[in-house]
Every structure is written in C-alpha cells, then in structure tokens.
Amino acid sequence: MSVSEIPSFLTAIEGEGEFRNLFSPSELRRRFQVLEGRREPLVPRMTKPSMQERLSELEELKRIAAETEDPTASDRQASKGKMTARQRIEALVDEGSFCELQMFARHEATGFGLEDKRPFTDGVITGWGLIEDRPVAVYASDFRLFGGALGATYAAKVHELLDLAERVGVPVVALNDGAGARIQEGVAALDGYGGIFRRNAALSGVVPQISVVLGPCAGGAVYSPALTDFVFMVDGVSNMYITGPDVIRAVTGEEVTQDDLGGAGLHACVTGVAASVFESEEACLEEVRFLVSMLPSNNLEVPPTVMSSDAADRSCPDLRTLVPAATQASYDVREVIYEIVDDGELMEIHSAFARNVICGFARLDGQTIGVVANQPNHLAGVLDIDASEKAARFVRFCDAFNIPLLTLVDVPGFMPGKDQERSGIIRRGAKLLYAYCEASVPRVCVILRKSYGGAYIVMDSKSVGDDFVLDWPTNEIAVMGAEGAANIIFKREIAKSKDPERIRELRIAEYKEEMMNPLVAAEKGFVDAIIDPADTRIALVKCFKLLRSKKESLPQRKHSNMPL
C-alpha cells in the first residue's frame, strides 16, 4: 500500500473497531510516513521482528525526531541567522558527548488540532554532555516545533532533567528559544512552568545554572532565566519581556519595538538582566563553555585548578605607575587586574551594566577567583544602587560555590543625591554589605589608592570579615576626603583666619598626614601589610594558598533575610 492510498484505507476501516483499537488514524498516518518506500503492510505482526528490523525502525524514528516532519523548518531557522536546537547543543558540548533523554516523548493533549500533531521530543531536547570532560545537564527549546512553546510533556522532560542535575550535582545550561506557554494546553502549560521555577529555586546555590536566550522569551517564560545565575543573550536575536509590543499597544497605545522593549542591549546596559551579550550564537556558546570550565560542578566541590604557565612569583612593576597618585585622576582598573591575574585573562560579568564596579572571574596561580573592583574611569568608582546590587549578587554566587574573592578598592564613597536616596540606596546598598558579611570563602582585599566613608566598610574591610587586607604605600583611608574633613573640623579656625585659603591648605595637609597615612591603619591593625605594588601578585598567591584550608561555620538557621 502506498502513502497515497492511506485516506481510502482509513475510510475502509472506519468501522473495524478491533483494528482501530490498535492504531488511531493519526498513528496510522505517522507509521505510514515511517515506512514509506519500504512497501510493508501495516498490520500487527504475527511473528516477532528480528533485531535488525527493530534497529532499522529505530534509526528511522531517530531521523524523524531529529529532522521534524517539516523539511523547511531548519532552513527557516538558518535564514534568521539561528542554529537549530541540536546544532546549538553540538556547539556547546564536547564533540560526540551528548546523550539525549526521552527523544520519543510526545504530548497527550487533545483539542485545537493537537491530537493530529504529536511530534517526537515535544519541542525540547534534553540530556547531558561534557564540557572539557566535565558533565553538564543541557536542555534546548526547538523553535521548529510549536514555536518552542512549552506544554505539559515538554515541562515534564525539563523537570526530570533538573531533578537529575540535583541528584548527581552537575551544572545546568538552558538554551531558550520559544514563545512561552503552549496556549492550546491552557493551565497545564502554566503548571509546567511553575515546576521549572520551583526547581530553579531549589537548585540555586547547589549547582551553577546558566540560561542562554537565543530567540524570543516572553511572558512567564522569562522567570526561569531570571532565577538562574547567569543570562547570556545574542544581539539582534534575543528578546525578553513580560508583555509584548502588541499587548502594550492595545492597552496603552504605546508603540514600541521588540528590541526597545526587551532586546539584548537593553538588558545588558539598563536592566542588568543579561550578564553578557554576543554578536553571534557561536561566540555566545563558546563563552558559556569557558564559564563552565571556571566553575565547580556543585556547591560541595571547589573550582577546578589548572596548571598555569604564569609564574606565581612574577613581579608586576607596571603597577607602580598604572594608578595615578592624584586621588581624583581617572584610570582603568582592568589594567590592574590584567597585571595581577594569570595570563592577563578576565571573564567580566555584566560589563555594560553599572560600569563603576567590575565583577568577573579570573585565575591566580591556576585557581579560579572572583574579582570585585571599583572602576575609577566611570563615575569615579563611586558605589550607587546598581553597582551595589551587581557586586552583591556576584559575591553571593562566589560564596555559594566556594570561589575565593579578591576585592580591589579605590572608592570615594556612596553616590550622593536625591534620586539615589529616594530609590532606596540605604536598603539596596546594604545588599553588598550583607553579601560580604555573610561570605565564608577566602577573601583578600587590596586598597589601591583610597577608601572613604561607609564605602570603605562595605568594600570588604577587615571589620566585616575579610581575611587579609593589603595596602599600597600611597593609600588614603578615612571617613571622607581631606578637603571635606578639613572644612568641617577646622571650620571656625578657617573662617576667623586673615588668610583662610592658606590655613585651609595647611589643615588639609595636616589631616592627610595624621589621619590618611596608611601607617595609621596598619598601626591599629586594620591593614595586615603595606606592600610594594610590584609585589601584589606574589602576595595574593601566598595569601590565597594559605586560605585554601579555611573553614568557617555559620549559625544554624533556615535561611537569612537579606535586604532584598
């Protein structure tokens, strides 16, 4: 029987109840497509098929599951500059290492034509593979099926994968490219999302979770990436928003494009949702591989250590001149970081958001560390709301996964102003303070030039639990800058003087000498060592090597209540 004869065959057996109990019309159509060209009769076998016959059928079913029933679907993805879900997984994991789970899963929903469209995988590919020989759990939305929309079976596959990741303690990488909940399945789809969100929360701080947005991500679907540790996006391809342009237009009359509403640039620079944005999917997935290689697999392990060709006792004489002596002069703190860390390599996180603080991963003597640094070339390195929240989240991630913290300090204080106060800088700035106070990983702080006021305390000072504080010889630590302090302390004397400017300058110099000399802090034990900037790398390697055996226990409690 040929495929063209199927419709008349189905009509002929309409009344044959016993046969229809074996095969539904939609099942018959699918099986005839599988057998097309083989001319085998579609009737229950009277003899057991051979192993070779079963293997041949299995290979054909795998081909259908991989290619989908629409031969043009992959071409449509390519025309948009997008890879297919399987191509993305192949680019992410080590070659030939991916093991797919539940390839032949299909939904059981009916209505709105769903009963006639039951593709294998149900629109999501789940499984595990290796990244640099270390296992990771991966799932990828397949936009070619239902536009990547989530249904009950799709969700169940993801639930099972996340549960597996928790049991075996491996990172999770989610490759998102879908239109949200599958409308035809109604509340069952919403319930499926809820199960994913609950597992994202349960896995937080247990295994690293990375979300890669490679297409649309709208409505409730955005909350899974938001609950994970890092969100990567591709410029011109990725979008994330709660409410789409059409709904906004209908409700408010406002005209807005997808990119203006939730494009990669917006989330990288303004909202801080995106940790990094890339020009291509290939570059994005390569960076995910690099990030995974830096992180431990779970919270019970330490980060992987690699053999470094960068000598641990390497001197950094350029550090003596990289930081200007004048406290108000600008410079790029990245140059300092590049000098200190192995091979000058820093993986910066949220580089376009809150640029007055730098956060990123690097290696020191082969060991992964987290780096937090004030950035004087943007807003003078001052701490504001965005910078505080950005750094707080990074510190908490490092603490959750046993990643030692290096803090490089050059901070004039907190951002003054009505807008900051009204936006809650007290509560939101306290997040960074809380994160450092709670952190139990090895912590070393280097004060590069100045550290004033409350920001001195917040930037991992000795008083909040830092293990070692190192100071450069020209540093200034004080409640505030000398100019402001002198104007307050010697206000009456300056006002009564016949030459107030000369007296002001004398008192400023006096305050600097008496209160801002690094020896003052060292004498009181607030600084552990004053070092030659050229010896910074050597000193840090020694400090972190000692701290590898650090053990610190926290009070028993259900959980803390940080100022969210």
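Values in this document were obtained by computation on a predicted structure and should not be read as measured data.

Caption draft 1: Spatial organisation of the overall build of the protein. Along the backbone of the protein there are 24 helices and 17 strands. Projected onto its principal axes, the C-alpha coordinates of the protein cover approximately 115 × 55 × 45 Å. For the protein, with 564 residues in total, the buried portion stands at 50%. Here the contacts in the protein between residues at least 6 apart in sequence split such that 72% fall between residues at least 24 apart. Of the roughly 26800 Å² of accessible surface on the protein, 54% is carried by carbon and sulfur atoms. Side chains of the protein give 62 positive and 82 negative charges; the mean places of these two sets differ by 4 Å.

Caption draft 2: View of the nonpolar core. Ranked by size, the top nonpolar core spans 65 residues in total, and within it L175, V212, F230, F232, F361, V372 and L432 carry the most contacts. Broken down by element, the residue count for this core peaks at 7 residues, all from helix α16 (residues 385-400). With 30 residues, the next largest nonpolar core counts C316, Y331, I337 and L408 among its residues.

Caption draft 3: Fine view of a nonpolar patch on the surface. A contiguous nonpolar surface patch, about 400 Å² in accessible area, is contributed by V479, M480, I488 and I489. Mapped onto the elements of the fold, I489 is located in helix α20 (residues 482-489).

Caption draft 4: Here's a closer look at the environment of N356. Considering the arrangement of structural elements, one finds N356 in the loop between β10 (346-348) and β11 (357-364). Separated by 19 residues in the primary sequence, N356 and Q375 have C-alpha atoms spaced 4.7 Å apart. Only 3.2 Å separates the side chain of N356 from the side chain of D384, close enough to count as a polar contact.

Caption draft 5: Molecular detail of the sheet that holds strand β3 (residues 134-141). Strand order in the open sheet formed by 7 strands is β1-β2-β3-β4-β5-β7-β9, with mixed pairing between adjacent strands. Looking at strand neighbours, the two that pair on one side only are β1 (99-101) and β9 (276-278), the edges of this open sheet. For this sheet the average axis-to-axis angle between neighbouring strands, irrespective of direction, equals 20°. Note: strand β2 (residues 124-131) against β3, 8 bridges, orientation antiparallel. Counted as the bridge partner of I125 is A140 from β3. Together, β1, β2, β3 and β4 (172-176) form the strand contacts of helix α6 (residues 85-92), whose direction differs from that of β3 by roughly 160°.

Each value, and the rule that gives it
Residues numbered from 1 in each chain as written. Predicted model: local features only at pLDDT ≥ 70, side-chain atom pairs only at ≥ 80, totals over all residues. Heavy atoms only, no water. Helix = DSSP H or I, 4+ residues; strand = E, 2+ residues; numbered from the N terminus. Buried < 20%, exposed > 50% of the residue type's maximum accessible area, 1.4 Å probe, protein only. Contact = heavy atoms within 4.5 Å. Areas by Shrake-Rupley, 256 points an atom, 1.4 Å probe, with all protein chains shown as cover. Lys, Arg positive; Asp, Glu negative; His and termini not counted. Charge placed at Lys NZ, Arg CZ, Asp CG, Glu CD. Core = buried A, V, L, I, M, F, W, Y, C linked by side-chain atoms within 4.5 Å. Patch = residues over 30% accessible without salt bridge, like charges linked within 9 Å, V, L, I, M, F, W, Y side chains within 5 Å. Salt bridge = Lys/Arg side-chain N within 4 Å of Asp/Glu carboxyl O. Polar contact = N/O pair within 3.5 Å; in protein donor to acceptor, adjacent residues only side chain to side chain. Pairing = 2+ DSSP bridges. Axes fitted to C-alpha atoms, helices over the stretch in contact; angles between N-to-C directions.

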